[in-house]
Amino acid sequence: MWIFNSIFGKIFEIIFIPFRSLSPWVGMTLISLLTGLLMLLIFRYTSNQEGIRKVKNKIKAHLLELRLFKDSLALSLKAQGNIFRSNIKYIGYSGKPLLVMIVPLILILIQLNFWFAYQSLQPGEITILKVKVQEGQNILDLELKIEPPRSLAIETLPLRIEEQQEINWRLRAKEGGLHSLVFRINGQSFVKKVSVAQKPLSRISPLRVRRNFIDELFNPGEAPISKDIPVKSIEVKYPNKNMNLFGWHIHWIIVYFALSIIFGFALKGVLKVEI
Amino acid sequence: MNKLNRREFIKLSLTAGSFLALGGSSAPIIKASGKKETPEKLIILGLDGMDPHLVDVLMNQGKLPNFRRLQSLGDFRPLRTSTPPQSPVAWSNFITGMNPGGHGIFDFLHRDPERYIPLFSAAASEAAKSAIKIGNLVLPLSGGKIKNLRKGRAFWQILEDHDIPATIFKMPSNYPPVPTKQQTLSGMGTTDILGNPGLFNYYTTEFLELKEDIGGGRIHEVYAIGNKVEATLPGPRNSFKKDRPESWLDFTVYLDPVNPLAKIVIQDEEFILKEGEWSDWKSVRFPMIPTQSVPGICRFYLKQVRPEFKLYISPINIDPSAPALPISTPPAYAEELAKKFGGFYTQGLPADTKALDHGVFDDGEFLEQDNFVLQERMDIFDHELSRFESGLLFYYVSSTDQRQHMFWRYIDQEHPLYDPKLASIYGKTIESIYIEMDRMLAKTMDKMDKNTILMVMSDHGFTPFRRSFHLNSWLKENGYLNLINAWKQGEEDLFMNTDWSRTKAYAYGINSLFINQAGREGEGVVRPGAEKEALVREIAQKLEQVKDPQTGERIVSRAFVAKDIYRGRYVEEAPEIIVGYNRGYRASWSTPLGRIPKNLVEDNKEKWSGDHCMDPNVIPGILLVNRKSKVEHPALYDLTATILDVFNIEKPEEMIGKSIF
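Scoring rules and cut-offs
- Residues numbered from 1 in each chain as written.
- Chains lettered and ligands numbered in written order.
- Predicted model: local features only at pLDDT ≥ 70, side-chain atom pairs only at ≥ 80, totals over all residues.
- Helix = DSSP H or I, 4+ residues; strand = E, 2+ residues; numbered from the N terminus.
- Rg over C-alpha atoms; globule rule 2.2 N^0.38 Å.
- Buried ≥ 20, exposed ≤ 12 C-beta atoms within 10 Å, placed from the backbone.
- Contact = placed C-beta atoms within 7 Å.
- Pairing = 2+ DSSP bridges.
- Domains from an automatic or database assignment.
- Nonpolar A, V, L, I, M, F, W, Y, C, P; charged D, E, K, R; others polar.
- Axes fitted to C-alpha atoms, helices over the stretch in contact; angles between N-to-C directions.
- Core = buried A, V, L, I, M, F, W, Y, C linked by C-beta atoms within 7 Å.
- pLDDT = per-residue confidence, 0-100.
- Parallel < 35°, antiparallel > 145°, perpendicular 65-115°, else oblique.
- Expected span 1.5 Å × (residues − 1).
- Arc of directions from axis to C-beta.

Asker: Help me understand the overall build of chain A in this model?
Answerer: In terms of helices and strands, chain A carries 6 helices and 11 strands. Taken over the C-alpha trace, chain A has a radius of gyration of 26 Å; the compact-globule value for 275 residues is 19 Å, which it surpasses by more than 25%. For the C-alpha atoms alone, the extent of chain A along its principal axes is close to 85 × 40 × 35 Å. For chain A, with 275 residues in total, the buried portion stands at 28%. Within chain A, contacts between residues separated by at least 24 positions form 68% of all contacts whose residues are at least 6 apart in sequence.

Asker: Honestly, the overall build of chain B in this entry has me stumped. Any pointers?
Answerer: A count of helices and strands for chain B gives 16 helices and 36 strands. Dimensions along the principal axes, computed over C-alpha positions, put chain B at roughly 95 × 70 × 60 Å. Within chain B, the fraction of its 661 residues that count as buried is 49%. The long-range fraction of contacts in chain B, counting pairs at least 24 apart against all pairs at least 6 apart in sequence, stands at 66%.

Asker: Is there a simple way to think about the sheet that holds strand β24 (residues 317–318) of chain B in this case?
Answerer: All names here are of chain B. Read across the open sheet, the 3 strands follow the order β20-β21-β24; overall the sheet is antiparallel. Each edge of the sheet is formed by a strand with only one pairing partner; in this case those strands are β20 (282–289) and β24. Where strand β21 (residues 292–298) meets β24, 2 bridges bridge the pair, whose relative direction is antiparallel. Opposite Gly-296, over in β24, you have Ile-318 as the bridge partner.

Asker: Looking at this structure, I do not really get the domain arrangement of chain A. What am I missing?
Answerer: Frequently, the measure chosen for interface size is the accessible area removed from exposure when the parts meet. Residues and elements named next belong to chain A. The domain architecture assigned to chain A consists of domain 1 (17–117 + 248–267) and domain 2 (126–240). At the junction of the two partners, domain 1 supplies 11 residues and domain 2 supplies 11 residues. Elements represented by at least two residues in the side of domain 1 that touches domain 2 include exactly α2 (24–46) and α4 (73–116). At 3 residues, the largest contribution of residues to the side of domain 1 that touches domain 2 is made by α4. Residue composition of the side of domain 1 that touches domain 2, by class: 7 nonpolar, 3 polar and 1 charged.

Asker: For this particular structure, what's the right way to read the sheet that holds strand β31 (residues 556–561) of chain B?
Answerer: Either a parallel or an antiparallel arrangement is found when strands of a sheet pair, and the pairing is made through backbone hydrogen bonds. Residues and elements named next belong to chain B. As summarised here, the arrangement of the 4 strands in space is β29-β30-β32-β31, forming an open sheet in which the pairing is antiparallel. Among the strands making up the open sheet, the edge pair consists of β29 (505–508) and β31. Put simply, the sheet's adjacent strands are angled 25° from each other on average, direction ignored. Most of the contacts of helix α14 (residues 530–543) go to β31, to which it runs at about 165°, and overall it touches β29, β30 (512–515), β31 and β32 (577–581).

Asker: It is not clear to me how the nonpolar core should be interpreted in this structure. Could you clarify?
Answerer: Within soluble globular proteins, side chains that are nonpolar generally end up buried alongside one another. With 172 residues, the main nonpolar core has Ala262(B), Phe394(B), Val456(B), Ala505(B), Ile577(B) and Val579(B) as its most contacted residues. For this core, the leading source of residues is helix α16 (residues 636–646) of chain B, giving 7 residues. Listed in part, the 12 residues of the second largest apolar core include Val26(A), Ile31(A), Leu112(A) and Val255(A).

Asker: Any chance you could explain the domain arrangement of chain B here in plain terms?
Answerer: All names here are of chain B. For chain B, the domain assignment lists domain 1 (39–82 + 158–190 + 348–462 + 619–634), domain 2 (195–339) and domain 3 (466–611). The C-alpha-based centres of domain 1 and domain 2 are spaced at 30 Å. At the interface, 20 residues of domain 1 touch 18 residues of domain 2. Those elements giving two or more residues to the side of domain 1 that touches domain 2 turn out to be β10 (183–186) and α8 (353–357).

Asker: Can you walk me through the confidence of the model for chain B in this structure?
Answerer: Any region with low pLDDT has predicted coordinates that should not be read closely. Residues and elements named next belong to chain B. Looking at chain B as a whole, the pLDDT averages 93, with 94% of positions reaching at least 70. Taken as a whole, residues 1–32 scores under 50 in pLDDT and shows 33 contacts with residues more than four places along the chain or in a different chain. Interface confidence for the predicted complex, expressed as ipTM, amounts to 0.86; the pTM equals 0.90.

Asker: Got a minute to help me understand the interface of chain A and chain B in this structure?
Answerer: Each side of the interface is counted separately: chain A has 22 residues, and chain B has 18 residues. Counting residues per element, the side of chain A that touches chain B draws most heavily on α2(A), at 4 residues. A breakdown of the residues in the side of chain A that touches chain B according to their chemical character gives 13 nonpolar, 6 polar and 3 charged.

Asker: What's the story with the pairing of strand β1 (residues 41–47) of chain B in this structure? I'm lost.
Answerer: Here is the key point about a regular strand: its side chains alternate between the two faces of the sheet. Residue and element names in this part refer to chain B. Most of β1 is tucked away, with 7 of its 7 residues classed as buried. With burial as the criterion, each face of β1 is covered, one bearing Lys-41, Ile-43, Leu-45 and Leu-47 and the other bearing Leu-42, Ile-44 and Gly-46. Inspection of the sheet shows β1 paired to strand β27 (residues 452–457) by 6 bridges, in the parallel sense. If you follow Leu-45 over to β27, its bridge partner there is Val-456. Inspection of the sheet shows β1 paired to strand β26 (residues 392–397) by 6 bridges, in the parallel sense. Across the sheet, Leu-42 pairs through a bridge with Leu-392, a residue of β26.

Asker: Before we go on, may I ask you to explain the packing of helix α3 (residues 65–73) of chain B against helix α12 (residues 429–447) of chain B in this structure?
Answerer: For any two helices packed against each other, the geometry comes down to the angle between their axes and how far apart the axes lie. Residue and element names in this part refer to chain B. Axis separation between α3 and α12 bottoms out at 7 Å; the angle between their running directions is 50°. By the angle between their axes, α3 is oblique relative to α12. Between α3 and α12, the residues in contact are Pro-65, Asn-66, Phe-67, Arg-69 and Leu-70 and Asp-438, Leu-441, Ala-442 and Met-445, respectively.

Asker: Mind showing me how you'd approach the packing of helix α9 (residues 363–386) of chain B against α12(B) here?
Answerer: Residue and element names in this part refer to chain B. Contact pair α9 / α12: the axes reach a minimum separation of 11 Å and the direction vectors enclose 10°. Considering the angle they form, α9 stands roughly parallel to α12. Residues Leu-367, Leu-374, Met-378, Phe-381 and Leu-385 of α9 touch α12, and the partners they reach there are Thr-429, Glu-436, Met-440, Lys-443, Thr-444 and Lys-447. Per-class residue counts for the contact of α9 with α12 are 6 nonpolar, 2 polar and 3 charged.

Asker: How should the environment of Leu302(B) be read in this particular structure?
Answerer: Looking at the element boundaries, Leu302(B) is found in strand β22 (residues 300–304). Judged by C-beta crowding, with 23 C-beta atoms within 10 Å, Leu302(B) ranks as buried.

Asker: Would you mind going over the environment of Leu33(A) with me for this structure?
Answerer: You can see Leu33(A) is positioned in helix α2. Sequence-wise, Leu33(A) and Ile262(A) are 229 residues apart; in three dimensions their C-alpha atoms are separated by 8.7 Å.

Asker: What is the right way to read the pairing of strand β1 (residues 126–133) of chain A from this model?
Answerer: The pairing of β1(A) with strand β5 (residues 166–173) of chain A spans 7 bridges and is classified as antiparallel. Its bridge partner being in β5(A), Thr127(A) is matched across the sheet by Leu171(A).

Asker: I'm lost on unusual backbone geometry in this one. Help?
Answerer: With the exception of glycine, most residues fall at negative phi, and the peptide bonds are largely trans. Residues and elements named next belong to chain B. Across the junction of Tyr-175 and Pro-176, the peptide omega takes the value -10°, indicating a cis bond. Along the chain, the position of Pro-176 falls in the loop between β9 (166–171) and β10. The amide bond that connects Thr-329 to the next residue, Pro-330, takes the cis arrangement and shows omega of -15°. Turning to its location among the elements, Pro-330 is positioned in the loop between β25 (328–329) and α7 (331–341). We note that Asp-243 has phi near 65°; this positive angle belongs to a residue other than glycine. Within the secondary structure, Asp-243 sits in the loop between β15 (228–237) and β16 (246–255). Despite not being glycine, Asn-648 shows a phi value in the positive range, around 55°. Along the chain, Asn-648 falls in the segment after α16. Look at Asn-648 and you get exposed, because 11 C-beta atoms sit within 10 Å.

Asker: Please explain helix α6 (residues 252–267) of chain A as it appears in this structure.
Answerer: The periodicity of an α-helix, 3.6 residues per turn, causes residues three or four positions apart to be oriented the same way. Residues and elements named next belong to chain A. For α6, which comprises 16 residues, the first-to-last C-alpha distance of 22 Å matches the rise-based estimate of 22 Å (1.5 Å per residue) to within 8%. Along α6, the residues that are buried comprise Val-255, Tyr-256, Ser-260 and Gly-264. Buried residues of α6 fall within an arc of 155° about the axis and therefore sit on the same side. In α6, the exposed positions angled more than 90 degrees off the buried face are occupied by Ile-254, Ala-258, Phe-265 and Ala-266.

Asker: Even after reading the chapter, I still don't get the environment of Tyr570(B), so can you show me in this structure?
Answerer: Residue and element names in this part refer to chain B. Note on placement: Tyr-570 falls in the loop between α15 (562–565) and β32. For the pair Tyr-570 and Ile-105, spaced 465 residues apart in sequence, the C-alpha separation works out to 9.2 Å. Look past the residues within four positions of Tyr-570 in its chain and what remains in contact with it is Gly-101, Gly-102, Gly-104 and Lys-151.

What follows is the structure in structure tokens.
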């Protein structure tokens, strides 16, 4: 899973490289354009274009029929029935490409979440660092040590929450950069990346998880933690980020879907795709 | 549709690109003020409660070098305060250039004469006029209102008429802020989001004698089960529901089994505090109905983890980044400050004197909390000072007043709560805040150029508050007030045990005494005219004779008859007598509550040990200015006339002061 995540993640890094210092709107516009194009292509090659064209024409014809014979109740009802039937058929034609689209779309959404949903810490900002420990481990006896770099500070002793099998610390960012927090447990060590004062468009990984297909699928930002280590996950709580449009804070996913749909409709004529 | 050529397409794309690149960055900065470049600029530092005697002593000791420097450039004089010398009254004199007869603010409290109940004198809220009721749901068809009860125009409104820009920061008696395009942020009188002056919450596993609801705070008894404390934070009343139930938020505190640490989880916020540590501002949102919630901000203080858990949560302040109630003009001013500085105290008087009074804070904790207030004020002051270019900048500081109220007991060896050991630690607290203000003045003087007029002023001074006088008990002893059940004396608040048919006078507020006038009061018995006039004079005369049986000192140095001293349209609404207490004396805390204890005078055993609600002649404020004053004994309302004079604006007829230049 990690190999797939690495490759897929790299593609997004390459796409965003030229735009990382610019407003996230630029990257969002580009990725929405690419998504619009991708979805159009998927639609074009997986759907019955001819069938869609025909059924849409039929709907138009029946709409015309409705207008022309509005004085005849029987004909109007028949036209409405035909419109309904054609709509069902149209939905049927759209079903296949939608099913094909859903897989790449979920993978894209997972990746985009790390680029657009979080903002890196700022120097001086404090947050919580959480380590979830495997069931069955006594967190009070666990010898877990953190070695922070000079650019980060662990400000508190560990706060252990037994009912959640969780150990928390207060973490303070001191200097900008992508820093490594080193954890040592039972003679083994592992690392959690912490992003401080990164460029406006940066990939932020809040959670590093233990090797597990589903967890890795949804948290592809860092390599999984080895199964030999009794830790389920390490999390840095980053502030949430929204797309700022003249003071309006909009969730990135709304912007992404809106722009992708706009681009899709704008380009369907150019690519000759019947939607 | 016309086709675009390649060049037009590129141009359009670049425009769209720059819109997208810049569009997301920030909202446009809104700056509101008049436009005129004024030849002279005016900076006024309003330092609440600064006392001329203390300033003089500290200047002579060389501890206020910048006050001395300012004096050498112009003048230093005692500033005549208002009658009574209470902050809302005094600042209203300054705002309007009138006395209480003109602006209608006579005391912290006023009263409803029909029902004999106390009312907040500065502002009143009105519920929505019409609403639709669906089951338990109440959907208002119009918004509710909060009304500033001060009458008369504020000087910055007059400046606005002449296009003179003004920034008015935290002016007391200006909540909600009066309509203007000037930049103003409301001050004293601004409530928390519950509509109180400031209600803290205190959570503890310790058994306390304190009741759940104490003045200014709420005590919550909680349990730590499995190193977890679950509690609720009370919010504003939900006016979208029948009977307006209280809203609340659940929150959880996780305690480490060994280390003195706790994690607090409330809504989207989670943060770790060490024992003895304060959080920064945390945002909370109280849900009302699915589409409506009330935002607020508060700070958490983890006082202790073990053996007893103790957590203090500050009053929930109006969030300046999304104010639920009006706190600034234009509304975007508060938001602009929040964007630059994050959360800050928006409640009128943020120093939590009640937490100190009730023992929730010790002296050090109180000072730590008030230092946050002061630091926020100084940060915003630096910002406003740096961008001040023209017109007027008024900047208010409350810490001078609040610290003198709470720490006078350490500089007054005759105070019942004087403790030499604690005095050795906190005896310099008042001196320190004066020195801090001297630093603020230094910064201001650095900014000053030859066209800048700089004034430092206070609304009143300070004196000790050693003995409490139960004015209603005195009225009862002298036959002016009678009880229904004499044996129940002292047990009831709000005059519940008062026989109004045999009562001629009563006291509400701190300095106000009212006649139970027929036709005005609900059960009035004294006829207006000669009968009332004679009674007022008789009571005033007798009050000036009252002596403390313990010390032999006079308790009331002057009893002012309102119609002799007030001018303006609202004199008829004034209390008949304004009681001017002698140095060391003040109305007891029972007096404003309409309580009638059995004794007349007692020691003040509250930490609130310095005060100013006395005879105005005993406690003038200060005026330091870099020009000579032509008026020998300037008063607060003279400064209002002076402000207009600086900008060559003619004084309105209703203003009673005159320019000091």
